[in-house]
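# Geometric and topological summary
Okay, here's what each chain looks like letter by letter:
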Amino acid sequence: MSPSRRDFLKKSALIAAAGAAVSIIPGSAEGALHAFSAQDEFTLPPLAYAYDALEPHIDRMTMEIHHSKHHQAYVNNLNKAINEGSLETGTLDQLVAGISKYPMAVRNNGGGHWNHSFFWQLMRPGGGGAPSGKVAEAINQSFGSFDELKKQINEAGLKRFGSGWAWLVKNNDGKLVVGSTPNQDNPLMDVSDFKGTPILAIDVWEHAYYLKYQNKRADYLQAWWNVINWEKIAANL
Ligand code: MN
């Protein structure tokens, strides 16, 4: 915890304790302290597999830099923005859902933290292949075939100019829909034009593929399907 964060929590706790004393409710000062100390810093989640586990489709160096440098930087900069603004955030999901209330640094880095935490779980060593069971049924119902879904997601990723993400989401009508978001925005954000519950996401920032695929984003997108974790997609559905 950074010093400014600690000072903020201490100050908040003192204010809360003072408020409780005035209201003369026995024991409530302690409750207020607990409520404030529950707001911890965000941390980098560990990967469930080794950096080289997705070779040859996603190379070791890309995974290492992507997770330990890029994702770590989103986490650090998110905490910094929250500390500097003395912001109340709640959980990462709550932060993202109400992102319009926060400064741009929180939107970019909070989105970066949410998106990457989600993305790592969608890949696994020995993944890939075609979906089966309920996932296959849901995909066939919405897209006609797995090939058509793949085509639409790859197109969404290719057409995203600059940096961003391609998504499969479940919308309010329970329908599966493909789309994309710029930068580190995501479909849970209140500011997003494309909304829904994320089922699948592919990072199309150059940092996700440039070391191995250089400018060939289409090749990266094709290769990505060889590491997809269908069990996680099923759980998201
Ligand atoms: Mn990324």
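Everything discussed here concerns the structure shown above.
An account of the accompanying structure is given in this report. Predicted, not measured: the structure shown is a model, and the values here were computed from it. Numbers given for residues are sequential positions, taken from 1 along each chain in its written order. Thresholds applied to this predicted model are a pLDDT of at least 70 for local features of residues and 80 or more for the giving and counting of side-chain atom pairs; totals over whole chains, interfaces and linings are not thresholded and use all residues. Hydrogens and waters are ignored; side-chain quantities use all the structure's heavy atoms.

A few words on the pattern of salt bridges. Salt bridge criterion: a side-chain nitrogen from Lys or Arg within 4 Å of a carboxyl oxygen from Asp or Glu. The tally for this structure, following the rule as stated, stands at five salt bridges. Of the charged contacts, one joins Lys 80 and Glu 84 as a salt bridge, the two residues approaching to 3.9 Å between their closest N and O atoms. Here Glu 84 and Lys 80 lie together in helix H3 (residues 60-85), a separation of four residues that amounts to about one turn. In this structure, the salt-bridge partner of Arg 107 is Asp 185, at a minimum N-O distance of 2.8 Å. Note that Arg 107 is positioned in helix H5 (residues 104-121) and Asp 185 in the loop between strand E2 (176-182) and strand E3 (197-203), a separation of 78 residues in sequence. By the burial criterion, Arg 107 is buried, and Asp 185 matches it. Think of it this way: any DSSP run of H or I at least four residues long counts as a helix, any run of E at least two long counts as a strand, and we number them from the N terminus. In this scheme, a residue with accessible area under 20% of its type's maximum is buried, one over 50% is exposed, and one in between is partly exposed, where area comes from a 1.4 Å probe on protein chains only.

Here we take up the coordination of the manganese ion. Shown as donors are all N, O and S atoms within 2.8 Å of a metal ion, widened to 3.2 Å for Na, K and Ca; because water is not in the atom set, sites may appear incomplete. Protein coordination of the manganese ion is provided by His 66 (NE2), His 116 (NE2), Asp 203 (OD) and His 207 (NE2), with donor distances spanning 2.0 to 2.1 Å. Mapping the donors of the manganese ion onto the primary sequence gives the spacing H-x49-H-x86-D-x3-H. Of the two residues, His 66 sits in helix H3 while His 207 sits in the loop between E3 and helix H8 (210-213), which places them 141 residues apart along the sequence. Given a relative accessible area of 2%, His 66 falls into the buried group.

Turning our attention to helix H6 (residues 133-143). Taken as a whole, H6 has its buried residues at Val 135, Ala 136, Ala 138, Ile 139 and Phe 143. Axial view of H6: buried residues confined to an arc of 165°, hence all on one face. Summarising the geometry of H6, the exposed residues directed more than 90 degrees from the buried face are Lys 134, Glu 137 and Gln 141. Positive backbone phi, approximately 90°, marks Gly 144, located one or two places after H6. Here the arc refers to the directions that run from the helix axis out to each C-beta atom.

Looking now at the packing of helix H7 (residues 146-159) against helix H9 (residues 217-224). Comment: axis = line fitted to C-alpha atoms, over the contacting stretch for helices; angle = value between 0 and 180 degrees taken between N-to-C directions. In contact at an axis separation of 10 Å, H7 and H9 are set at 150° when each is read in the N-to-C sense. Classified by chirality, the crossing of H9 by H7 is right-handed. Contacts from Asn 154, Gly 157 and Leu 158 in H7 reach Arg 217, Ala 218, Leu 221 and Gln 222 in H9. Throughout, a crossing is termed right-handed when the near helix is turned clockwise from the far one, and left-handed when it is turned anticlockwise from it by less than a right angle. Between two residues, a contact is recorded if the distance between any of their heavy atoms is within 4.5 Å.

Here we come to the nonpolar core. Joining through side-chain atoms within 4.5 Å is the link that ties buried Ala, Val, Leu, Ile, Met, Phe, Trp, Tyr and Cys residues into a set, and such a set is a nonpolar core. Formed by 57 residues in total, the largest nonpolar core has its most connected members in Tyr 220 and Trp 224. Not counting residues within four places of it along the chain, the set of residues in contact with Tyr 220 comprises Ile 58, Phe 119, Ile 202, Asp 203, Ala 208, Tyr 209 and Tyr 213.

Further remarks concern the packing of H3 against H5. Viewed as axis vectors pointing N to C, H3 and H5 meet at an angle of 140°, and their least axial separation amounts to 8 Å. Regarding the angle of H3 to H5, the classification is oblique. With respect to the hand of their crossing, H3 and H5 are arranged in left-handed fashion. Judged by residue contacts, Met 63, His 66, His 67, His 71, Ala 73, Tyr 74, Val 75, Asn 77, Leu 78 and Ala 81 of H3 engage Ala 105, Val 106, Asn 108, Asn 109, Gly 110, Gly 112, His 113, His 116, Ser 117, Phe 119 and Trp 120 from H5. Across the contact of H3 with H5, the residue classes tally to 10 nonpolar, 11 polar and no charged. Put simply, angles under 35 degrees are roughly parallel, angles over 145 are roughly antiparallel, angles from 65 to 115 are roughly perpendicular, and the rest are oblique. Polarity classes work like this: nonpolar for Ala, Val, Leu, Ile, Met, Phe, Trp, Tyr, Cys and Pro, charged for Asp, Glu, Lys and Arg, and polar for all others, with Gly in that last group.

The next point concerns the environment of Glu 64. As for its placement among the helices and strands, Glu 64 is situated in helix H3. A C-alpha to C-alpha distance of 8.4 Å links Glu 64 and Asp 52, two positions 12 residues apart in sequence.

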